[in-house]
Amino acid sequence: MICRLTGRIEDVTENAVRLEVGAVCYEVWVPLSTIETLRGLRGQEVSLHTLQYLEGNPTGGNFVPRLIGFLTDADREFFSALVKVRGISARKALRAMSIPAHQIARAVADENAAALAALPEIGKRTAAQLIAELGAKIDRFLTAESPAIPVRELSSAQRVAVDILVQWGDRRADASRWVAAAVETNPSLSRPEDIVRAAYREKTRL
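Calculation rules
- Residues numbered from 1 in each chain as written.
- Predicted model: local features only at pLDDT ≥ 70, side-chain atom pairs only at ≥ 80, totals over all residues.
- Heavy atoms only, no water.
- Helix = DSSP H or I, 4+ residues; strand = E, 2+ residues; numbered from the N terminus.
- Rg over C-alpha atoms; globule rule 2.2 N^0.38 Å.
- Buried < 20%, exposed > 50% of the residue type's maximum accessible area, 1.4 Å probe, protein only.
- Contact = heavy atoms within 4.5 Å.
- Areas by Shrake-Rupley, 256 points an atom, 1.4 Å probe, with all protein chains shown as cover.
- Lys, Arg positive; Asp, Glu negative; His and termini not counted.
- Charge placed at Lys NZ, Arg CZ, Asp CG, Glu CD.
- Core = buried A, V, L, I, M, F, W, Y, C linked by side-chain atoms within 4.5 Å.
- Expected span 1.5 Å × (residues − 1).
- Arc of directions from axis to C-beta.
- Pairing = 2+ DSSP bridges.
- Polar contact = N/O pair within 3.5 Å; in protein donor to acceptor, adjacent residues only side chain to side chain.
- Salt bridge = Lys/Arg side-chain N within 4 Å of Asp/Glu carboxyl O.

Participant: So what exactly am I meant to see when it comes to the overall build of the protein here?
Facilitator: Check the secondary structure of the protein and you find 9 helices and 5 strands. When the helices and strands of the protein are placed in sequence order, the string is β-β-β-α-β-β-α-α-α-α-α-α-α-α. The C-alpha atoms of the protein give 18 Å as radius of gyration, which agrees with the globular expectation for 206 residues (17 Å, within 12%). If you line up the protein on its principal axes, its C-alpha atoms span 50 × 45 × 40 Å. Taking all 206 residues of the protein together, the buried fraction comes to 42%. Long-range pairs, those at least 24 residues apart, make up 55% of the contacts in the protein with a sequence separation of at least 6. Within the structure as shown, the protein displays about 11200 Å² of accessible surface, and the carbon and sulfur contribution to it stands at 51%. Taken together, the 27 basic and 25 acidic charged side chains of the protein have centroids lying 4 Å from each other.

Participant: I tried to follow the nonpolar core on my own but got confused; where do I start?
Facilitator: The nonpolar side chains of soluble globular proteins are, as a tendency, buried together. Counting 33 residues, the largest nonpolar core has Phe 78, Phe 79, Leu 82, Met 97, Leu 116, Leu 130 and Leu 134 as the members making the most contacts within it. For this core, the leading source of residues is helix α4 (residues 101-109), giving 5 residues. The contacts of Leu 134, once residues within four sequence positions are left out, are Ala 81, Leu 82, Val 85 and Val 108. Among the nonpolar cores identified, the runner-up in size contains 15 residues, and Leu 165, Ala 175, Ile 195 and Val 196 belong to it.

Participant: Whenever I open this one, helix α7 (residues 156-167) confuses me. Can you help?
Facilitator: Given 3.6 residues per turn, any residue in an α-helix points the same way as the ones three and four places further on. Look at α7: 17 Å from first C-alpha to last across 12 residues, which is about the 16 Å you get at 1.5 Å a residue. Of the positions making up α7, those classed as buried are Ala 157, Gln 158, Ala 161, Val 162 and Leu 165. All buried residues of α7 fall inside an arc of 145° around its axis, so they share one side. Those residues of α7 that are exposed and aimed more than 90 degrees away from the buried face are Ser 156 and Gln 167. Just downstream of α7 lies Gly 169, where phi reads positive at about 110°.

Participant: So what exactly am I meant to see when it comes to the pairing of strand β2 (residues 16-21) here?
Facilitator: Sheet topology places strand β1 (residues 4-12) next to β2; 4 bridges connect them, and they run antiparallel. Within β2, the residue paired with Val 12 across the bridge is Val 17. Both β2 and strand β3 (residues 24-29) contribute to a ladder of 6 bridges, which runs antiparallel. Bridged to Glu 20 within β3 is Cys 25. Taken together, β2 and the strand that follows it, β3, pair antiparallel across an intervening segment of 2 residues, in which Gly 22 is found at a positive phi of about 65°.

Participant: Teacher, can you tell me more about the environment of Thr 72 here?
Facilitator: Looking at the secondary structure, you find Thr 72 in the loop between β5 (62-70) and α2 (73-82). The spacing of Thr 72 and Arg 18 is 54 residues in sequence and 18 Å in space, taken between C-alpha atoms. Separated by 3.0 Å, the side chain of Thr 72 and the backbone nitrogen of Asp 75 make a polar contact.

Participant: Would you take a moment to explain the pairing of β3 for this structure?
Facilitator: The side chains of a regular strand alternate between the sheet's two faces. With 2 bridges connecting them, β3 and β5 associate as parallel partners. Counterpart to Trp 29 in the pairing with β5 is Ile 68.

Participant: What should I look at first to understand the pattern of salt bridges in this one?
Facilitator: Any two side chains of opposite charge can pair, on the condition that their charged atoms come close. Taken as a whole and judged by the stated rule, the model has 11 salt bridges. The closest approach of N and O atoms between Arg 8 and Glu 20, which form a salt bridge, is 3.3 Å. In this pair, Arg 8 is assigned in strand β1 and Glu 20 in strand β2, connecting sequence segments 12 residues apart. Arg 8 gets classed as partly exposed once you look at its relative accessible area, which sits at 32%. Classification of Glu 20 as partly exposed rests on a relative accessible area of 29%. Measuring nitrogen to oxygen at the nearest pair gives 3.6 Å for the salt bridge that ties Arg 106 to Asp 110. Arg 106 gets classed as partly exposed once you look at its relative accessible area, which sits at 22%. Using a relative accessible area of 40% as the deciding quantity, one classes Asp 110 as partly exposed. Shared partners join several salt bridges into a network, and the residues in it are Arg 191, Glu 193, Asp 194 and Arg 197.

Shown next, in the form of structure tokens:
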């Protein structure tokens, strides 16, 4: 199994990094929380702690090999624990890891279901599942720098903007995240239509 790759970052896509190792270029899926960091390191050499994963339908016999990479070994271990939770696939886990692993671990330890449900790909039911299945295994991922995740209280205009995005086909957790990022960037936004436009700019940026 390939457990670590060191190479030059050739490109960073929406959910993966292309790592040039000698004459070979590997596509490595990475957590959402590391995309911007890696994008800022384009052209530089990095080391990623990796896992190999087969994506596909077992009944169809059609599997595609994937490499998944992390900046730290602790993040790799956390991902391995996360995908053991019922209903969380590798893709969902990487999207859910939109914030540092130790912050997610803190939310689990604090049984903060609202904070967990706000993560991409994690709704109320999966948040409860995370707390139930990871609660007794999470201590090793907690650090002194893992404060509780604040739960943002959306205004009525922001809630309307989220509803509009959901009606257009976006997931509520993603829509809430984009709206929160938009109003944090521009606190003067007050009309739902302006918030929606700003949220879509955040969507394309993220």
